[in-house]
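# Remarks on the overall topology
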Amino acid sequence: MKGKMLIAGTAIAAMMLSAGVSAADAEVVLQIGFENSISEPIGQALEKWQQLVEEQGDGSLKIELFPDSQLGAKNELIDGMTLGEPYITLADGAFYADYGVADFGIVFGPFLFDDWDQCWTLIESDWYAEQCAELETKGLKIVTSNWKYGERHTLTTKQVTTVDDLAGLKIRVPSNQIQSIGFDVLGATSTGMALDEVYQALQTGTIDGAENPLATLYGRKLHEVAKYLILDGHVKNFTTWVMSADLFNSLTPEQQELLVSTGEEAGLYNNELVDASEEEYLQMMIDEGVTVTELTDETLAGFKEKAQAFYEQGSTFGWSDGLYDTVRKAMGAE
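Rules used throughout
Residues numbered from 1 in each chain as written. Predicted model: local features only at pLDDT ≥ 70, side-chain atom pairs only at ≥ 80, totals over all residues. Heavy atoms only, no water. Helix = DSSP H or I, 4+ residues; strand = E, 2+ residues; numbered from the N terminus. Buried < 20%, exposed > 50% of the residue type's maximum accessible area, 1.4 Å probe, protein only. Contact = heavy atoms within 4.5 Å. Areas by Shrake-Rupley, 256 points an atom, 1.4 Å probe, with all protein chains shown as cover. Lys, Arg positive; Asp, Glu negative; His and termini not counted. Charge placed at Lys NZ, Arg CZ, Asp CG, Glu CD. Expected span 1.5 Å × (residues − 1). Core = buried A, V, L, I, M, F, W, Y, C linked by side-chain atoms within 4.5 Å. Phe/Tyr/Trp six-rings, centres within 6.5 Å; stacked < 30°, edge-to-face > 60°. Lys NZ or Arg CZ within 6 Å of the ring centre and 35° of its normal. Salt bridge = Lys/Arg side-chain N within 4 Å of Asp/Glu carboxyl O. pLDDT = per-residue confidence, 0-100. Polar contact = N/O pair within 3.5 Å; in protein donor to acceptor, adjacent residues only side chain to side chain.

### Details of the overall build of the chain
From N to C terminus, the chain includes 14 helices and 10 strands. The burial tally for the chain puts 54% of its 334 residues in the buried class. Across the chain, contacts joining residues at least 24 apart in sequence account for 75% of those joining residues at least 6 apart. On the chain, roughly 14000 Å² of surface is accessible, and the fraction owed to carbon and sulfur atoms is 47%. Considering the chain, the positive charge centre built from 20 side chains and the negative charge centre built from 54 side chains are found 3 Å apart.

Here it is in C-alpha coordinates:
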(Lines give C-alpha, C1' and ligand atoms only; values in the text may rest on other atoms or scores of the structure.)
Protein backbone atom coordinates (compact mmCIF):
# COMPACT_ATOMS: atom_id res chain seq x y z
CA MET A 1 0.00 0.00 0.00
CA LYS A 2 1.27 3.46 -0.80
CA GLY A 3 2.11 5.63 2.15
CA LYS A 4 1.09 9.23 2.71
CA MET A 5 4.65 10.50 3.05
CA LEU A 6 5.17 13.90 1.43
CA ILE A 7 8.51 14.62 -0.23
CA ALA A 8 9.25 18.11 1.04
CA GLY A 9 12.95 18.59 0.56
CA THR A 10 16.41 17.14 0.82
CA ALA A 11 16.14 16.01 4.42
CA ILE A 12 12.97 14.00 3.87
CA ALA A 13 14.20 12.61 0.56
CA ALA A 14 17.36 11.40 2.32
CA MET A 15 15.27 9.82 5.07
CA MET A 16 13.23 8.01 2.45
CA LEU A 17 16.30 6.65 0.71
CA SER A 18 17.86 5.45 3.97
CA ALA A 19 14.59 3.76 4.88
CA GLY A 20 14.34 2.08 1.48
CA VAL A 21 11.24 4.10 0.51
CA SER A 22 11.01 5.08 -3.18
CA ALA A 23 9.11 7.96 -4.76
CA ALA A 24 6.55 5.41 -5.91
CA ASP A 25 5.74 4.68 -2.25
CA ALA A 26 5.13 8.31 -1.35
CA GLU A 27 2.90 11.13 -2.47
CA VAL A 28 5.18 13.64 -4.17
CA VAL A 29 3.85 17.18 -4.08
CA LEU A 30 5.70 19.71 -6.21
CA GLN A 31 5.08 23.37 -5.46
CA ILE A 32 5.12 25.70 -8.45
CA GLY A 33 5.88 29.23 -7.32
CA PHE A 34 5.71 32.11 -9.79
CA GLU A 35 5.47 35.90 -9.84
CA ASN A 36 2.50 36.16 -12.19
CA SER A 37 -1.17 36.26 -11.33
CA ILE A 38 -3.27 33.15 -11.88
CA SER A 39 -5.45 35.11 -14.35
CA GLU A 40 -2.57 35.57 -16.82
CA PRO A 41 -2.16 33.04 -19.65
CA ILE A 42 0.77 31.45 -17.84
CA GLY A 43 -1.35 31.03 -14.71
CA GLN A 44 -4.15 29.43 -16.69
CA ALA A 45 -1.67 27.11 -18.39
CA LEU A 46 -0.27 26.07 -15.02
CA GLU A 47 -3.78 25.11 -13.97
CA LYS A 48 -3.86 23.01 -17.14
CA TRP A 49 -0.56 21.36 -16.18
CA GLN A 50 -1.93 20.59 -12.73
CA GLN A 51 -5.06 19.07 -14.29
CA LEU A 52 -3.07 16.98 -16.78
CA VAL A 53 -0.87 15.51 -14.03
CA GLU A 54 -3.97 14.59 -12.05
CA GLU A 55 -5.76 13.06 -15.05
CA GLN A 56 -2.84 11.16 -16.55
CA GLY A 57 -1.05 10.08 -13.39
CA ASP A 58 -1.72 7.45 -10.75
CA GLY A 59 -2.05 9.91 -7.88
CA SER A 60 1.54 9.57 -6.66
CA LEU A 61 2.55 12.94 -8.16
CA LYS A 62 0.69 16.18 -7.55
CA ILE A 63 1.24 19.85 -8.31
CA GLU A 64 0.32 22.81 -6.10
CA LEU A 65 0.27 26.37 -7.48
CA PHE A 66 1.46 29.52 -5.68
CA PRO A 67 0.99 32.66 -7.82
CA ASP A 68 1.91 36.26 -7.00
CA SER A 69 5.26 35.38 -5.38
CA GLN A 70 3.52 33.60 -2.50
CA LEU A 71 6.51 31.27 -2.07
CA GLY A 72 9.06 34.05 -2.46
CA ALA A 73 11.04 35.73 -5.21
CA LYS A 74 12.52 33.74 -8.09
CA ASN A 75 16.06 33.88 -6.69
CA GLU A 76 14.85 32.58 -3.32
CA LEU A 77 13.06 29.69 -4.99
CA ILE A 78 16.08 28.75 -7.09
CA ASP A 79 18.33 28.93 -4.05
CA GLY A 80 15.86 26.69 -2.23
CA MET A 81 15.67 24.10 -4.96
CA THR A 82 19.46 23.78 -5.05
CA LEU A 83 19.04 22.61 -1.46
CA GLY A 84 16.41 20.11 -2.61
CA GLU A 85 13.22 21.98 -1.79
CA PRO A 86 10.20 20.73 -3.81
CA TYR A 87 9.87 23.92 -5.82
CA ILE A 88 9.36 24.47 -9.52
CA THR A 89 9.62 27.97 -10.91
CA LEU A 90 9.96 29.65 -14.26
CA ALA A 91 13.38 30.97 -15.13
CA ASP A 92 15.34 31.90 -18.19
CA GLY A 93 18.85 31.84 -19.56
CA ALA A 94 19.72 35.10 -17.82
CA PHE A 95 19.19 33.49 -14.43
CA TYR A 96 21.02 30.32 -15.40
CA ALA A 97 24.01 32.44 -16.36
CA ASP A 98 24.07 33.80 -12.82
CA TYR A 99 23.94 30.24 -11.51
CA GLY A 100 27.09 29.20 -13.32
CA VAL A 101 26.12 28.36 -16.93
CA ALA A 102 27.44 31.49 -18.56
CA ASP A 103 26.64 30.70 -22.20
CA PHE A 104 22.96 30.17 -21.39
CA GLY A 105 22.58 33.90 -20.84
CA ILE A 106 22.76 34.76 -24.51
CA VAL A 107 19.20 33.53 -25.13
CA PHE A 108 17.98 36.60 -23.24
CA GLY A 109 20.08 39.02 -25.22
CA PRO A 110 18.25 41.97 -26.82
CA PHE A 111 17.00 41.45 -30.37
CA LEU A 112 18.68 38.03 -30.70
CA PHE A 113 15.75 36.24 -32.35
CA ASP A 114 14.06 37.39 -35.54
CA ASP A 115 10.98 35.20 -35.02
CA TRP A 116 9.56 32.53 -32.72
CA ASP A 117 10.51 29.67 -35.02
CA GLN A 118 14.14 30.41 -34.25
CA CYS A 119 13.40 29.93 -30.53
CA TRP A 120 11.85 26.50 -31.08
CA THR A 121 14.69 25.46 -33.38
CA LEU A 122 17.20 26.45 -30.72
CA ILE A 123 15.65 24.44 -27.87
CA GLU A 124 15.87 21.29 -30.03
CA SER A 125 19.54 21.86 -30.87
CA ASP A 126 22.60 20.06 -29.55
CA TRP A 127 23.88 23.36 -28.19
CA TYR A 128 20.79 23.78 -26.02
CA ALA A 129 21.00 20.19 -24.75
CA GLU A 130 24.59 20.87 -23.70
CA GLN A 131 23.51 23.92 -21.69
CA CYS A 132 20.78 21.94 -19.94
CA ALA A 133 23.25 19.19 -19.08
CA GLU A 134 25.70 21.68 -17.63
CA LEU A 135 22.91 23.24 -15.57
CA GLU A 136 22.18 19.85 -14.04
CA THR A 137 25.74 19.77 -12.71
CA LYS A 138 24.76 22.92 -10.79
CA GLY A 139 21.81 21.11 -9.22
CA LEU A 140 19.05 22.41 -11.49
CA LYS A 141 16.90 20.38 -13.88
CA ILE A 142 14.94 22.03 -16.70
CA VAL A 143 11.63 20.19 -16.98
CA THR A 144 10.34 21.88 -20.11
CA SER A 145 11.41 24.77 -22.36
CA ASN A 146 8.57 25.17 -24.86
CA TRP A 147 6.57 27.82 -23.00
CA LYS A 148 6.13 31.20 -24.66
CA TYR A 149 6.25 33.94 -22.03
CA GLY A 150 5.76 36.56 -24.69
CA GLU A 151 7.54 39.35 -26.46
CA ARG A 152 8.91 41.73 -23.88
CA HIS A 153 7.95 45.38 -24.37
CA THR A 154 8.73 48.54 -22.39
CA LEU A 155 6.22 50.57 -20.37
CA THR A 156 7.35 54.00 -19.19
CA THR A 157 6.15 57.12 -17.39
CA LYS A 158 7.62 59.27 -20.18
CA GLN A 159 7.03 58.66 -23.87
CA VAL A 160 9.71 56.71 -25.73
CA THR A 161 9.60 56.68 -29.53
CA THR A 162 13.23 55.88 -30.40
CA VAL A 163 16.09 54.13 -28.64
CA ASP A 164 17.65 57.51 -27.87
CA ASP A 165 14.65 58.37 -25.68
CA LEU A 166 15.71 55.66 -23.24
CA ALA A 167 18.80 57.65 -22.27
CA GLY A 168 18.88 58.11 -18.50
CA LEU A 169 15.57 56.42 -17.79
CA LYS A 170 15.59 53.99 -14.86
CA ILE A 171 14.00 50.79 -16.18
CA ARG A 172 13.15 47.87 -13.91
CA VAL A 173 14.50 44.51 -15.02
CA PRO A 174 14.67 41.17 -13.19
CA SER A 175 17.71 40.96 -10.93
CA ASN A 176 20.31 39.39 -13.19
CA GLN A 177 23.37 40.59 -15.07
CA ILE A 178 22.21 39.69 -18.56
CA GLN A 179 18.99 41.71 -18.50
CA SER A 180 20.65 44.58 -16.68
CA ILE A 181 23.39 45.00 -19.27
CA GLY A 182 20.89 44.30 -22.04
CA PHE A 183 19.07 47.50 -21.14
CA ASP A 184 22.16 49.48 -20.21
CA VAL A 185 23.56 49.12 -23.75
CA LEU A 186 20.34 50.67 -25.07
CA GLY A 187 21.08 53.78 -23.03
CA ALA A 188 18.79 53.17 -20.06
CA THR A 189 19.80 52.71 -16.44
CA SER A 190 18.67 49.23 -15.46
CA THR A 191 17.29 48.63 -11.97
CA GLY A 192 16.97 45.08 -10.64
CA MET A 193 13.81 44.61 -8.63
CA ALA A 194 11.28 41.93 -7.69
CA LEU A 195 8.13 42.11 -9.80
CA ASP A 196 5.83 42.64 -6.82
CA GLU A 197 7.68 45.87 -5.96
CA VAL A 198 7.37 47.50 -9.38
CA TYR A 199 3.92 49.13 -9.09
CA GLN A 200 4.89 51.19 -6.06
CA ALA A 201 8.28 52.04 -7.51
CA LEU A 202 6.63 53.45 -10.64
CA GLN A 203 4.05 55.27 -8.55
CA THR A 204 6.69 56.97 -6.40
CA GLY A 205 9.07 57.74 -9.25
CA THR A 206 11.80 55.41 -7.99
CA ILE A 207 11.89 54.01 -11.52
CA ASP A 208 10.72 55.40 -14.85
CA GLY A 209 9.61 52.19 -16.51
CA ALA A 210 9.48 48.42 -16.62
CA GLU A 211 9.66 45.75 -19.29
CA ASN A 212 7.68 42.52 -19.64
CA PRO A 213 5.17 40.88 -21.97
CA LEU A 214 1.80 42.59 -22.26
CA ALA A 215 0.03 39.97 -20.16
CA THR A 216 2.33 40.64 -17.22
CA LEU A 217 2.35 44.41 -17.60
CA TYR A 218 -1.44 44.42 -17.60
CA GLY A 219 -1.82 41.64 -15.03
CA ARG A 220 0.30 43.59 -12.54
CA LYS A 221 -1.70 46.75 -13.39
CA LEU A 222 1.49 48.66 -14.15
CA HIS A 223 -0.29 50.60 -16.89
CA GLU A 224 -2.19 52.42 -14.15
CA VAL A 225 1.01 54.24 -13.12
CA ALA A 226 2.98 54.26 -16.40
CA LYS A 227 1.01 55.43 -19.42
CA TYR A 228 3.44 55.01 -22.32
CA LEU A 229 4.11 51.69 -24.06
CA ILE A 230 6.65 51.10 -26.81
CA LEU A 231 6.22 47.81 -28.63
CA ASP A 232 9.93 47.18 -29.00
CA GLY A 233 9.81 43.38 -28.59
CA HIS A 234 13.40 43.51 -27.35
CA VAL A 235 13.32 39.87 -26.22
CA LYS A 236 11.30 36.99 -27.63
CA ASN A 237 10.97 35.36 -24.26
CA PHE A 238 10.52 31.61 -24.25
CA THR A 239 10.69 30.40 -20.69
CA THR A 240 11.56 27.22 -18.85
CA TRP A 241 10.32 25.45 -15.74
CA VAL A 242 13.10 24.31 -13.46
CA MET A 243 13.42 22.21 -10.31
CA SER A 244 16.01 20.46 -8.15
CA ALA A 245 17.97 17.95 -10.24
CA ASP A 246 18.34 15.65 -7.23
CA LEU A 247 14.61 15.71 -6.56
CA PHE A 248 13.80 15.05 -10.23
CA ASN A 249 16.21 12.12 -10.25
CA SER A 250 14.54 10.72 -7.11
CA LEU A 251 11.24 10.39 -8.99
CA THR A 252 10.35 7.13 -10.67
CA PRO A 253 10.80 7.00 -14.47
CA GLU A 254 7.00 7.06 -14.80
CA GLN A 255 6.73 10.19 -12.67
CA GLN A 256 9.53 11.87 -14.60
CA GLU A 257 7.89 11.11 -17.93
CA LEU A 258 4.51 12.30 -16.63
CA LEU A 259 5.93 15.59 -15.37
CA VAL A 260 7.84 16.32 -18.58
CA SER A 261 5.16 15.25 -21.07
CA THR A 262 2.33 17.10 -19.32
CA GLY A 263 4.57 20.14 -18.92
CA GLU A 264 5.19 20.22 -22.65
CA GLU A 265 1.49 19.69 -23.40
CA ALA A 266 0.58 22.54 -21.07
CA GLY A 267 3.24 24.63 -22.79
CA LEU A 268 1.48 24.30 -26.14
CA TYR A 269 -1.78 25.32 -24.45
CA ASN A 270 0.01 28.30 -22.89
CA ASN A 271 1.35 29.42 -26.26
CA GLU A 272 -2.15 29.43 -27.73
CA LEU A 273 -3.36 31.57 -24.82
CA VAL A 274 -0.47 33.99 -25.15
CA ASP A 275 -1.01 34.47 -28.88
CA ALA A 276 -4.75 34.97 -28.45
CA SER A 277 -4.38 37.37 -25.55
CA GLU A 278 -1.80 39.83 -26.84
CA GLU A 279 -4.19 41.82 -29.01
CA GLU A 280 -6.77 41.79 -26.23
CA TYR A 281 -4.32 43.06 -23.61
CA LEU A 282 -3.08 45.76 -25.95
CA GLN A 283 -6.62 47.00 -26.64
CA MET A 284 -7.46 47.02 -22.92
CA MET A 285 -4.37 49.11 -22.22
CA ILE A 286 -5.30 51.56 -24.96
CA ASP A 287 -8.87 51.75 -23.61
CA GLU A 288 -7.45 52.52 -20.18
CA GLY A 289 -5.41 55.48 -21.39
CA VAL A 290 -2.06 54.05 -22.49
CA THR A 291 -0.29 55.71 -25.43
CA VAL A 292 1.22 53.04 -27.68
CA THR A 293 4.22 53.50 -29.97
CA GLU A 294 5.05 50.89 -32.61
CA LEU A 295 8.51 50.58 -34.09
CA THR A 296 9.08 51.55 -37.70
CA ASP A 297 11.78 49.79 -39.71
CA GLU A 298 14.00 52.79 -39.03
CA THR A 299 13.47 52.87 -35.28
CA LEU A 300 13.87 49.08 -35.05
CA ALA A 301 17.19 49.38 -36.84
CA GLY A 302 18.26 51.95 -34.26
CA PHE A 303 17.48 49.56 -31.39
CA LYS A 304 19.28 46.67 -33.08
CA GLU A 305 22.34 48.77 -33.81
CA LYS A 306 22.74 49.72 -30.15
CA ALA A 307 21.98 46.17 -29.04
CA GLN A 308 25.04 44.84 -30.89
CA ALA A 309 27.22 46.29 -28.14
CA PHE A 310 25.73 43.64 -25.86
CA TYR A 311 27.12 40.79 -27.96
CA GLU A 312 30.56 42.40 -28.01
CA GLN A 313 30.83 41.95 -24.23
CA GLY A 314 31.20 38.18 -24.23
CA SER A 315 34.24 38.35 -21.93
CA THR A 316 32.15 40.26 -19.38
CA PHE A 317 29.69 37.39 -19.27
CA GLY A 318 32.33 34.66 -19.43
CA TRP A 319 31.02 33.40 -22.77
CA SER A 320 32.71 30.84 -24.97
CA ASP A 321 34.58 32.22 -27.96
CA GLY A 322 32.33 32.80 -30.95
CA LEU A 323 29.16 32.14 -28.93
CA TYR A 324 26.99 34.60 -30.85
CA ASP A 325 27.76 32.94 -34.19
CA THR A 326 27.35 29.47 -32.66
CA VAL A 327 23.88 30.27 -31.34
CA ARG A 328 22.76 32.02 -34.50
CA LYS A 329 23.70 28.88 -36.42
CA ALA A 330 21.97 26.61 -33.88
CA MET A 331 18.73 28.56 -34.20
CA GLY A 332 18.81 28.44 -37.97
CA ALA A 333 19.57 32.11 -38.55
CA GLU A 334 22.74 31.49 -40.54
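### Considerations on helix 2 (residues 41–56)
An ideal rise of 1.5 Å per residue puts 22 Å on 16 residues; helix 2 measures up with 22 Å between its terminal C-alpha atoms. Taken together, the buried positions of helix 2 are Pro41, Ile42, Gly43, Ala45, Leu46, Trp49, Leu52 and Val53.

### Considering unusual backbone geometry
The residue Phe111 is not glycine, and still its phi comes out positive at about 60°. Counting through the fold element by element, Phe111 comes out in the loop between helix 4 (93–98) and helix 5 (116–123). Using a relative accessible area of 12% as the deciding quantity, one classes Phe111 as buried. Of note in the backbone geometry, Lys221 takes a positive phi value of approximately 60° without being a glycine.

### Side note on the nonpolar core
Membership of the largest hydrophobic core comes to 53 residues, with the highest contact counts inside it found for Trp127 and Leu166. For Leu166, the contacting residues outside a window of four places in its chain are Val160, Phe183, Leu186, Gly187, Ala188 and Phe303. Residues Ala45, Leu46, Leu52 and Phe248 belong to the second largest nonpolar core, which totals 26 residues.

### Some points on the packing of aromatic side chains
Aromatic ring pairs are reported here in terms of the distance separating the ring centres and the angle at which the planes meet. Counting across every chain of the model gives 17 aromatic pairs. Considering the side-chain rings of Tyr96 and Phe104, the 5.3 Å spacing of their centres and the 50° angle between planes classify their relative orientation as tilted. Grouping residues by exposure puts Tyr96 and Phe104 together as buried. Between Phe310 and Phe317, the aromatic rings sit 4.9 Å apart at their centres with planes inclined by 40°, giving tilted as the arrangement. Per residue, the accessibility class of Phe310 equals that of Phe317, and both read buried. Here the aromatic cluster, defined as three or more aromatic residues joined through ring pairs, consists of Tyr96, Phe104, Phe113, Trp116, Trp120, Trp127, Tyr128 and Phe238. The side chain of Lys48 reaches across the aromatic face of Tyr269, ending 5.4 Å from its centre. When the ring centre of Trp116 is taken as origin, the NZ or CZ atom of Lys148, which lies over that ring, is 4.5 Å away.

### What to know about the pattern of salt bridges
Tallying each qualifying case throughout the model produces 10 salt bridges. Linking Asp114 and Lys304 is a salt bridge whose minimum nitrogen-to-oxygen distance equals 4.0 Å. In this pair, Asp114 is assigned in the loop between helix 4 and helix 5 and Lys304 in helix 12 (residues 297–311), connecting sequence segments 190 residues apart. A salt bridge links Arg328 to Asp114; the shortest N-O distance between them is 3.6 Å. Here the residue Arg328 occupies a position in helix 14 (residues 323–330), and Asp114 occupies one in the loop between helix 4 and helix 5, the gap between them amounting to 214 residues.

### As for the confidence of the model for the chain
When pLDDT is averaged along the chain, the result is 91, and 92% of the positions lie at 70 or above. pLDDT under 50 marks residues 1–24. Its contacts with residues more than four places away, or in other chains, come to 39 contacts.

### Concerning the side chain of Arg328
Given a relative accessible area of 11%, Arg328 falls into the buried group. Looking at Arg328, its side chain comes within polar contact range of the main-chain oxygen of Leu112, at 2.8 Å.

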